[in-house]
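# Chains, contacts and geometry: an overview
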Amino acid sequence: MAASLVSSLTVPLISAVLGGAIALVFLAGYLRRKRAAIAHIPPSATAAAPDQPKHVRPSNQAHHKKGHTRPHHNAADKDAAKKHHHLDVNTLRGHTDSVTALHFSNDAANLATVCADGAVRVFRIDDTSSKSFKILRINLPAGAHPTGVAFSEGSSSVVVAAQALLGSSLYMYADVSAPPPAQNKQQGKLSPPEIKWSHQKIHGKESVINLAAAHATHGPGDGSTIIISCSEATDIKVWHGKSGKELGTVDTNQLKNNMADISPNGRFIAAAAFTADVKVWEIVYSKDSSVKEVNKVMQLKGHKSAVTCLCFAPNSEQIITASKDGSIRVWNINVRYHLDEDPKNLRVLPIPLHDSKGSVCQYDHMSISPDGKVLAVTSGSMLQWLCVETGAVLDTAEKAHEGDITGIAWAPQTIPNGGVPAFILGTAGVDKKVKLWLAPEVGST
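Values in this document were obtained by computation on a predicted structure and should not be read as measured data.

What counts as what
By convention here, each chain's residues receive numbers from 1 onward along its written sequence. Local features are withheld for residues below a pLDDT of 70 in this predicted model, meaning they are given only at 70 or higher, and side-chain atom pairs are given and counted only at 80 or more; totals for whole chains, interfaces and linings count all residues. Working from all heavy atoms in the structure, the side-chain values ignore hydrogens and water. For the purposes of this entry, the term helix denotes a DSSP run of H or I that reaches at least four residues, the term strand denotes a run of E that reaches at least two, and both are numbered from the N terminus. Under the rule applied, a polar contact is a pair of N or O atoms within 3.5 Å (in protein, one hydrogen donor and one hydrogen acceptor; residues adjacent in sequence only if both atoms are side-chain atoms). Whether two residues touch is decided by their heavy atoms; if any such pair falls within 4.5 Å, the residues are in contact. Among buried residues, the Ala, Val, Leu, Ile, Met, Phe, Trp, Tyr and Cys ones that are joined through side-chain atoms within 4.5 Å form a nonpolar core. For each residue, the accessible area found with a 1.4 Å probe, counting protein chains only, is set against the maximum for its type, and the residue is called buried under 20%, exposed over 50%, and partly exposed in between. UniProt positions are given in the numbering used here, feature names are shortened, and annotations may be inferred rather than shown by experiment. Salt bridge, as applied in this entry: a Lys or Arg side-chain nitrogen positioned within 4 Å of an Asp or Glu carboxyl oxygen. Per residue, pLDDT captures the predictor's confidence, and it can take any value from 0 to 100. When DSSP finds at least two bridges between two strands, those strands are taken to pair. Throughout, an axis means a line fitted to C-alpha atoms (over the contacting stretch in the case of helices), and angles, computed between N-to-C directions, take values from 0 to 180 degrees.

Here the focus is the side chain of serine 157. Note on placement: serine 157 falls in strand E7 (residues 157-164). Separated by 2.7 Å, the side chain of serine 157 and the backbone oxygen of serine 152 make a polar contact. Other than its neighbours up to four places away in sequence, serine 157 contacts Ala150, Phe151, Ser152, Met172, Tyr173, Ala174 and Val176.

Below you can see the structure in the form of structure tokens.
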């Protein structure tokens, strides 16, 4: 009886002893591995641990995340620094959609932009190097999608072209000048500008490609702002900037328009259209400074394919055209056309831009600097500055915007850049940005 009792107790006891021994072996192994892991933590990690909040533990995972993220941002910053162009001086932000057009006021103190978000923005530009700019925002009527903008009567009002379901409209807003910083603080919150005049269905159901404005200083002109609206069809209309009165209509009869411009003195209108020829009209003023008529007076012949864009020289006596035929032409229109004297082709310059296959690219927009020396041109997202006299490339920004450039405009006067007066070019893009650029040195070529 006693022997059987001892036998029954011995087996469980031996099992318990063996189980305990095995557990001790595993525990010893775990403690050795733990000590080894602690010994291999870098000194920097252990030193940093006391500075961290108590609920944050230094761990291999956290250390890995930190090490992975930081080099990524550094690489991005370095890459951005490499892409920054030396002529790029500032970016005007705040747009929430594609910027469709822009225009500087005559005194260059304000820059107006229109955006696909249905708003007009007027930026006060006191110095292009400023870290921030005063902005006046104007919301267009519901359903209006702006396609063009131009200042009228100095910098006090803007005319906006917008497209809606029933066709294109014009709106004129007065008292839009973005106030200087000191003035803005004194005046407090400003009431939004009102629509002084408007016109609907100005080109039927066709949209307005662009607006252009000039001051009527030729002959008996009284300096009033003259605005032209170029439709995507074939008609171009002339408007009085202050009153909104329609002054005339011309038709290119060239299937469709690409764009149109008006000379700085308000005398001539020129259109780039579907064909290779450029038609030029003259705005004739009466002795009382009113517009008497608009007549076709000359035609620029020489291109072999459609003209994509053009602009007038600051002296209003020359026109620069760019064509799909791969050439840029400079024309003298200061001729006695009433005696059938033809405009003279002064220079033919090759477009210095080719795609990966070697084909000549076409220019989408062009604008000439106020001193008449630098021609800014765009193709897609690329921006180039050319010497007007020689056609030489002064500089190139391969990707000036992250997407197509929708418009360009030179400030008509110099603007301080870090306190130093400079010629400034503005560009707008589908990337919701407006950029400000310095003019390159012409003498460097």
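Turning our attention to the nonpolar core. Counting 35 residues, the largest nonpolar core has Ile320, Tyr363 and Leu375 as the members making the most contacts within it. Counting residues per element, this core draws most heavily on strand E19 (residues 307-312), at five residues. For leucine 375, the contacting residues outside a window of four places in its chain are Cys311, Ile320, Met366, Ser367, Ile368, Gln384, Trp385, Leu386 and Val388. Within the second largest apolar cluster, 32 residues are counted, among which are Leu111, Ala400, Ala411 and Leu436.

Under the local residue numbering, the UniProt record ascribes the feature "repeat: WD" (unreviewed entry) to residues 92-133 and 300-334. Across residues 300-334, helical content stands at 0% and strand content at 54%; the span's end C-alpha atoms are separated by 13 Å.

Let us look at the pattern of salt bridges. Under the definition given, this model contains nine salt bridges. Taking the shortest distance from any N to any O, the salt bridge between lysine 435 and aspartate 88 comes out at 3.8 Å. With lysine 435 in strand E31 (residues 434-438) and aspartate 88 in strand E1 (residues 88-92), the pair connects residues that are 347 residues apart, well separated along the chain. Across the pair, aspartate 88 and lysine 435 agree in class, each one buried. One salt bridge in this structure joins lysine 237 and glutamate 246, with 3.7 Å as the shortest N-O distance. Look at lysine 237 and you get buried, because its relative accessible area is 15%. Glutamate 246 sits in the partly exposed class, given a relative accessible area of 38%. Salt bridges here are not isolated pairs; linked through shared partners, they connect Arg336, Glu341 and Lys344.

What follows concerns the confidence of the model for the chain. Looking at the chain as a whole, its pLDDT mean stands at 85, while 78% of the residues score no less than 70. When the criterion is pLDDT under 50, residues 184-188 qualifies, and its contacts beyond four places in sequence or with other chains add up to three contacts.

Strand order across the open sheet formed by four strands is E23-E24-E25-E26, with antiparallel pairing between neighbours. Two strands bound the open sheet, and with one partner strand each, they are strand E23 (365-368) and strand E26 (393-397). Strand-to-strand twist of the sheet, defined as the mean angle between neighbouring strand axes without regard to direction, takes the value 15°. The sheet contact formed by strand E25 (residues 382-387) and E26 spans four bridges and is antiparallel. Bridge pairing links glutamine 384 to threonine 396 in E26.

To continue, consider the environment of glycine 248. With respect to the helices and strands, the residue glycine 248 is situated in strand E14 (residues 246-251). For the pair formed by glycine 248 and valine 294, sequence separation is 46 residues and the distance between their alpha carbons is 6.4 Å. Not counting the four nearest positions on each side in its chain, glycine 248 is found in contact with Ile236, Lys237, Val238 and Val294.

So, about the sheet that holds strand E5 (residues 135-139). What the four strands build is an open sheet, ordered E2-E3-E4-E5; its pairing is antiparallel. Of all the strands in the sheet, the pair left with one neighbour each is strand E2 (99-104) and E5. Looking at each pair of strands side by side, their axes are set apart by 20° on average, direction ignored.

With a phi angle near 65°, serine 316 is a residue other than glycine that sits in the positive phi range. By the secondary structure assignment, serine 316 is in the loop between E19 and strand E20 (318-323). Of note, the phi angle at lysine 432 is positive, near 70°, even though the residue is not glycine. Along the chain, lysine 432 turns up in the loop between strand E30 (424-429) and E31. Accessibility expressed as a relative area gives 41% for lysine 432, which makes it partly exposed.

One can find valine 238 in strand E13 (residues 235-240). Valine 238 gets classed as buried once you look at its relative accessible area, which sits at 0%. Among all residues touching valine 238, those that are not within four sequence positions of it are Ile226, Ile227, Ile228, Lys245, Glu246, Leu247, Gly248, Ile269, Ile283 and Val294.

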